[in-house]
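# Fold and geometry: a report
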Amino acid sequence: MRAPAARVARPGRSRQSAWIHRRDRRGLWFVVPFLVAFLLFMIAPLGYAIYTSLYTSRIIGGTVFSGGANYTTTLQSGAFWSGTERVIIYAAIQIPVMLAIAFFFATIFDLGVAKWGRLFRTIFFIPFAVPAVVGAVMWAFLLEPQFGPFVHAANGIGLHNVNFFSSNLMLPSIIVIVIWEWTGYNMVILYTALKSVPRDVVEAAILDDTPLWKIIVRVKLPLVRPAIVLLVFLNLIGALQLFTEPLILQYFQTSAISVNYTPVLYIYNTGIAGAQYNLAAAAAVVLGLVIVVISVGSLAFRRSRGGVS
Amino acid sequence: MSTVSLEGLTKVYANGVEAVSGLDLRVADGEFVVIVGPSGCGKTTALRMVAGLEEITSGTLRFGDRVVNDVSPRERDVAMVFQNYALYPHLSVHQNIGFSLANRKVPREERDVRVRAAAAVLGLSDMLDRKPRQLSGGQRQRVAMGRAIVREPSVFLMDEPLSNLDAKLRVQMRSEVLRVHRKIGVAALYVTHDQTEAMTMGDRVAVLRAGVLQQVSGPRELYECPANLFVATFIGSPSMNLYEAALAAPSASATSSASPSASPSAATTTAAATGGDQGGAAIVLGSQRLSLPAAVLKRNPALAAYVGRAVVVGIRPEHLSDPAHAGASPEPGTGLTVEVDYVEVLGSEQLVHFTIDARRVRDESDQPGAAGDGDQGEIVAASVSEGVARIDPRSVIPARGRAVFGVDVERLHFFDPDTGDAIAPTGRAAPG
Amino acid sequence: MSPATTVESHSQNAQAPGESPSRRGWWLRGAGGGGRRGRGRRRAADDGVPEDVIPIEMYGLKRGTTTVLTVVCALFALFTLAPIAWIVINSTKTQANIFETFGFWFARPFALFHNFALLGQNVDGYGTYIQWLGNTALYAVLGGGGATALAAFAGYGFARFSFRGSRSLFYLVIAALLVPISAITLPLYLTYAKVHLINSIWGMILPSMVSPVGVYLMRVFVEVSVPRELIDAARLDGASELRIFFRLALPLMVPGLMTVLLLSVVGVWNNYFLPLIIFSQNRLYPLTVGIGLWAQRAQNSGNAELFPMVVIGGLVTIIPLVALFLVLQRYWRSGLLLGSIAN
């Protein structure tokens, strides 16, 4: 007997379904441990963040309810918004470039048009095992303006006075680092999505005399759209919370990274270093809303564009 | 000029598995040829070699006069209908059908005209804007066919296109497929595991087993003159009853073949059982004997060489009858006493499952009943010795117990017990 | 529909070995000569491993495309491996050499072992690497293992039971992915302050056990790999739900478990933000925070050892995870496959 789909309880259920309901309720027990942890460590802190943001602590006077005061401060804060603007620009560049590279390689491996595909795939995935801190440190050394090998290489091809940590090049450098860290992961997901395109659809396309580029763009790409949407979504959420890489790079070049370089840096510096918890909480909530709006917005945008080629 | 010639086509995979061995087949322009066989017999592989989706290991493939072994699938001008339809899920029916035309840079207006024409042939005209996921199985199948015919190909290939449809729809679609084929009139190669489909649809049917062609001929010939045990059991449902038997010289002492419950006149029975018909033979079937008229031996001289040897005798279920129903008793030498196991009442006929004490011969591909997809080598346990007879629906057959059936001895089939080949005359002398 | 796997090579033909098929009789057309049982040329597949891919010849590519693309892949591989090579090479150098010699080649003196030994010391009171390594392993195993366990239970519960509200609850869990970690961590810290969980290992481990992605992946996996009929049959046999879960379902869920385990362990191992905020005592730091601290101090302190320590520390941080990957490779391949199919 198959268990019915989620049923809404109605008064006067028949005796027959009572057993099924009792049995299904046992399923709840399986979910409870996770739910408890989920509520305690994700939902409750969120609630507490909102609560805290509505108060202000002063050295004199203690903690008082201040309503939307912290929010006003945040929303009017040029520091916060400039950081937000920066990560949006950063995301707008980094995500498409990275996904394009990932899709390019995923396609190559899916088609099998390069040798030693499995070896390359494994190599490309290695950065996923590297913590962002270590990755940032490695790249900091590589790009170091005075001693880094990449500067020597740039000199070698005739580009002098290249400072990867200058205010112009800092963001592009971060983009390079993040692309290094995450392309492999994105590529693996796209590769597995491509592999699940039914083989006979591609064979039909071949028999229909479809050139290769068209097979990729008009047959395969539309069919992996769900994976791409998922990746855009996940990458977006991560990109808007950029933190570790600028923080580490700041140790190497203090002047290039300000305390509000990214919103999360702003929150961190305000909340922990500056001990202004309430303000930081408000900023965190605002950031959360921005992220929700942008992510959901990007999903809706993708859906409405339709898939007709 | 779209004849297709497979000459000695062989496919060996990298792991050494030989999927198709030396396949010789010719499809004439406009002919509808069906390749049939159990799953794993290499029929799909053969089809894919014709399409160009599998590399040909050895042998020659010709379209017309042109050798196409190394021609890419795009340039072969073949169209194929896949088992799972392989429609482009994100495109509409119109776009699916017109996809190949778009690739060939056919201008939009002309493309539209041709797509609509193809859609009209297949009854898809009001579905052109739908996506595949909004269509039923049968409709998707028709879109797949539309996509194939709109290109006006020289060769039309179909890989089990109906096997994913439910039984009723399958029967309907069979005539659809034939109707469409008649309209486009090119050489067609159709692959299926369903022998009923093969028999009802093919101009000619090629039976394949483990990569080797067993027989290719028209459906009637295939049915009436199977070339070996495999074809005999594969074609026809319920399958032919096959038993180990022996041919004896007619003068051997007779054992009465009539059961006590019938009412024969004992004298005539005994006389007949001794092969009173001079020149005939006796078929020793377990403890019973049937007599083979001399005329049969005359028609089939090869059979005469087997007198005194073991043979395999095949009786089609419809060649057994119930003489008691007409109030008569079986002709002398044609009565077979059986133990009835159970009776399937179909309304139009009865299928009587019985046992006799002869040893049944089973070919591994024996399919019990309809379009079953039997695995190679699977042993069907308890019913090994079971035979099936097709009896008039009004006969009264005891659900258990004995019955006496009449055997149409003129229509018996004989096979060599070692090679499995049919014992048949060279030249066209099909018995019945 | 993969022809390669559906053909068996029994020698079932009624034909005697060595006999030419054309002897099969006059029923066959074109019998003259028939087919030869020839051995065609074998197709060697790439890597020696036959894959079920469409042969690339069918795509009609220009000659040399494969070579060009392989070169492109090699270039990106160089890009990917460059920092790794750098860190391996430079972990053998002294601080002076790190800055003064060519980054991608060795230099004397060969200081690998010396640097390695430094990891055991508490340099300048910033903390001991070995201790951090132990911490990280502890957090990763307990946190990652816990996350996998919770996700397995929850995924099974969501997939195979339909209690009231299960659908909405599941959507809520997935929606939690939207919530930025930065919004959660700070208040988490404040909460900890109240309940004395600051500077407690549980403050790190417990939140790490919450993995909505893990629940999602496990649910997908259960739906695909654990048939309802199996569970129903076991119920009819009188097995309790827990028993069914542990005895029947769990063994079928292993590849999914491995994937989630791998992802969770990597996630905890590499986590930086949470421990940065909740730990103020450096003896509790995981490797990420510790190395970050060193990197920060190395710029300003006069200690000539900190930079090499950062380098070799980074190297040793990476090694266990990369090893874990290579060992568990086949699991995360199939697991990720299912995860994306479900999308």
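Within every chain, residues take consecutive numbers counted from 1 along the sequence as written. Chain A is the first chain written and ligand 1 is the first ligand written, with later ones labelled in order. Owing to the predicted nature of the model, reporting of local features is limited to residues with pLDDT of at least 70; listing and counting of side-chain atom pairs is limited to 80 or more, with chain, interface and lining totals taken over all residues.

## Topic: the overall build of chain B
- Think of it this way: any DSSP run of H or I at least four residues long counts as a helix, any run of E at least two long counts as a strand, and we number them from the N terminus. Scanning chain B for helices and strands turns up eleven helices and 20 strands.
- To assign burial, the other C-beta atoms lying within 10 Å of each residue's own C-beta are counted, with C-beta atoms placed from the backbone; 20 or more indicates buried, 12 or fewer indicates exposed, and intermediate counts indicate partly exposed. Per-residue burial for chain B yields a buried fraction of 49% across its 432 residues.

## Section: the overall build of chain C
- For chain C, the helix and strand inventory stands at 16 helices and zero strands.
- Counting across all 343 residues of chain C, residues that qualify as buried make up 42%.
- Contact criterion: two residues are in contact if their C-beta atoms, reconstructed from the backbone, are within 7 Å. The contacts of chain C with a sequence gap of at least 6 include a subset with a gap of at least 24, amounting to 71%.

## Details of the sheet that holds strand 1 (residues 4-12) of chain B
All names here are of chain B.
- In this description, strands pair whenever DSSP reports at least two bridges between them. Taken together, four strands build an open sheet; the order of strands is 2-1-4-5 and the sheet is antiparallel. Since the sheet does not close on itself, it has two edges, and those belong to strand 2 (18-27) and strand 5 (66-67), each with one partner.
- The pairing of strand 1 with strand 4 (residues 58-63) spans five bridges and is classified as antiparallel. The residue of strand 4 that forms the bridge with Glu 7 is Thr 60.
- Along the sheet, helix 1 (residues 43-51) contacts strand 1, strand 2 and strand 4; its crossing angle with strand 1, the most-contacted strand, is approximately 120 degrees. The angle between two axes is taken between their N-to-C directions and runs from 0 to 180 degrees, where each axis is a line fitted to C-alpha atoms and a helix contributes only its stretch in contact.

## So, the sheet that holds strand 16 (residues 335-345) of chain B
Residue and element names in this part refer to chain B.
- Pairing in this open sheet of five strands is antiparallel, and the strands run 15-19-16-17-18 from one edge to the other. Of all the strands in the sheet, just strand 15 (320-321) and strand 18 (386-391) have a single pairing partner and so form its edges.
- Examined bridge by bridge, strand 17 (residues 350-355) and strand 18 share six bridges and lie antiparallel to one another. Bridging across to strand 18, Gln 350 finds its partner in Ile 391.

## Here we look at the nonpolar core
- By definition, a nonpolar core groups buried Ala, Val, Leu, Ile, Met, Phe, Trp, Tyr and Cys residues that are joined through C-beta atoms within 7 Å. By size, the foremost hydrophobic cluster in this structure holds 174 residues, and its most contacted members are Phe 34, Val 137, Leu 190, Ala 283 and Ala 284 of chain A together with Leu 186 and Val 310 of chain C.
- What marks off one domain from the next here is an automatic or database domain assignment. Each of two domains, domain 1 (15-53) and domain 2 (73-304) of chain A, supplies a minimum of three residues to this core.
- Contacts of Ala 283 of chain A, omitting those with residues within four sequence positions, involve Thr 74, Phe 80, Pro 263, Tyr 266, Ile 267 and Thr 270 of chain A.
- By size, the runner-up hydrophobic cluster in this structure holds 129 residues, among which are Ala 205 of chain A together with Leu 87, Val 212 and Phe 414 of chain B.

## With respect to unusual backbone geometry
- A cis geometry characterises the amide bond from Ser 237 of chain B onward to Pro 238 of chain B, with omega recorded as 0 degrees.
- The topology assignment puts Pro 238 of chain B in the loop between helix 8 (229-234) and strand 11 (241-248).
- Positive phi outside glycine occurs at Trp 116 of chain A, with the angle close to 55 degrees.
- Tracing the chain through its elements places Trp 116 of chain A in the loop between helix 3 (78-111) and helix 4 (117-125).
- At Tyr 85 of chain B, a residue that is not glycine, the phi angle is positive and equals roughly 70 degrees.
- Checked against the element boundaries, Tyr 85 of chain B lands in the loop between strand 6 (78-81) and helix 2 (93-103).
- For Tyr 85 of chain B, a count of 24 C-beta atoms within 10 Å translates into the label buried.

## Details of the confidence of the model for chain B
All names here are of chain B.
- pLDDT measures the predictor's confidence residue by residue and takes values from 0 up to 100. When pLDDT is averaged along chain B, the result is 84; 86% of the residues meet or exceed 70.
- Note on residues 253-276: pLDDT under 50 across the span, and 45 contacts to partners over four residues away in sequence or across chains.
- Ignoring residues within four places in sequence, the model shows residues 366-384, a span with pLDDT below 50, making 26 contacts including any to other chains.

## Describing the confidence of the model for chain C
Residue and element names in this part refer to chain C.
- Confidence in the prediction of chain C, expressed as mean pLDDT, is 77, and 80% of residues score 70 or more.
- Mean pLDDT values for the elements of chain C range from 34 in helix 1 (residues 3-6) up to 93 in helix 5 (residues 129-160).
- Every residue in residues 1-51 is under pLDDT 50, and counting partners more than four places away or in other chains gives 92 contacts.
- As a predicted assembly, this complex carries a pTM of 0.81 together with an ipTM value of 0.84.

## Some words on the packing of helix 3 of chain A against helix 7 (residues 170-195) of chain A
Residue and element names in this part refer to chain A.
- Look at helix 3 against helix 7: their axes get within 7 Å of each other, and the N-to-C directions meet at 40 degrees. Judged on the interaxial angle alone, helix 7 and helix 3 are oblique. Crossing angle aside, the handedness with which helix 3 passes helix 7 is right-handed.
- Following the grouping adopted for this structure description, the nonpolar residues are Ala, Val, Leu, Ile, Met, Phe, Trp, Tyr, Cys and Pro, the charged ones are Asp, Glu, Lys and Arg, and the polar ones are all others, Gly among them. Taken together, the residues that form the contact of helix 3 with helix 7 break down as 20 nonpolar, four polar and two charged. Geometric relationships in this document are graded by angle, where less than 35 degrees denotes roughly parallel, more than 145 denotes roughly antiparallel, 65 to 115 denotes roughly perpendicular, and other angles denote oblique. We call a crossing left-handed when the near helix sits turned anticlockwise from the far one by less than a right angle, and right-handed when that turn is clockwise.

## Quick word on the pairing of strand 2 of chain B
Residues and elements named next belong to chain B.
- Within strand 2, nine of the ten residues are buried, which leaves the element mostly enclosed by the surrounding structure.
- As paired elements, strand 1 and strand 2 share six bridges and run antiparallel to each other. Bridge assignment links Leu 9 to a residue of strand 2, and that residue is Leu 23.
- In textbook terms, the turn of a hairpin is the stretch between consecutive antiparallel strands, and for strand 1 and strand 2 this stretch comprises five residues, one of which, Gly 16, has a positive phi near 90 degrees.

## Structural notes on the packing of helix 3 of chain A against helix 12 (residues 263-273) of chain A
All names here are of chain A.
- Running from amino to carboxyl end, helix 3 crosses helix 12 at an angle of 145 degrees, the nearest separation of the two axes being 8 Å. For the pair formed by helix 3 and helix 12, the contact residues are Ala 79, Phe 80, Gly 83, Thr 84 and Val 87 on the first element and Pro 263, Leu 265 and Tyr 266 on the second.
- Its residues assigned to classes, the contact of helix 3 with helix 12 comprises six nonpolar, two polar and no charged.

## Quick word on the environment of Ala 86 of chain B
- When you line up the elements, Ala 86 of chain B lands in the loop between strand 6 and helix 2.
- Among the residues examined, Ala 86 of chain B registers 25 C-beta atoms within 10 Å and is labelled buried.
- In sequence terms Ala 86 of chain B and Gln 141 of chain B are 55 residues apart; their C-alpha atoms lie 9.4 Å from each other.
- Leaving out residues up to four positions away in the same chain, Ala 86 of chain B has contacts with Pro 198, Asp 200, Val 201, Glu 203 and Ala 204 of chain A together with Ala 144 of chain B.

## Structural notes on the environment of Thr 210 of chain A
- Topologically, Thr 210 of chain A is positioned in the loop between helix 8 (199-207) and helix 9 (212-223).
- Excluding its chain neighbours within four sequence positions, the residues that come into contact with Thr 210 of chain A are Ala 205 and Ile 215 of chain A together with Asn 103 of chain B.

## Re the environment of Leu 321 of chain C
- In this fold, Leu 321 of chain C is placed in helix 15 (residues 306-327).
- Residues Leu 321 of chain C and Val 266 of chain C, spaced 55 residues apart in sequence, show a C-alpha to C-alpha distance of 7.1 Å.
- Contacts of Leu 321 of chain C, omitting those with residues within four sequence positions, involve Ala 129 of chain A together with Val 266 and Trp 269 of chain C.

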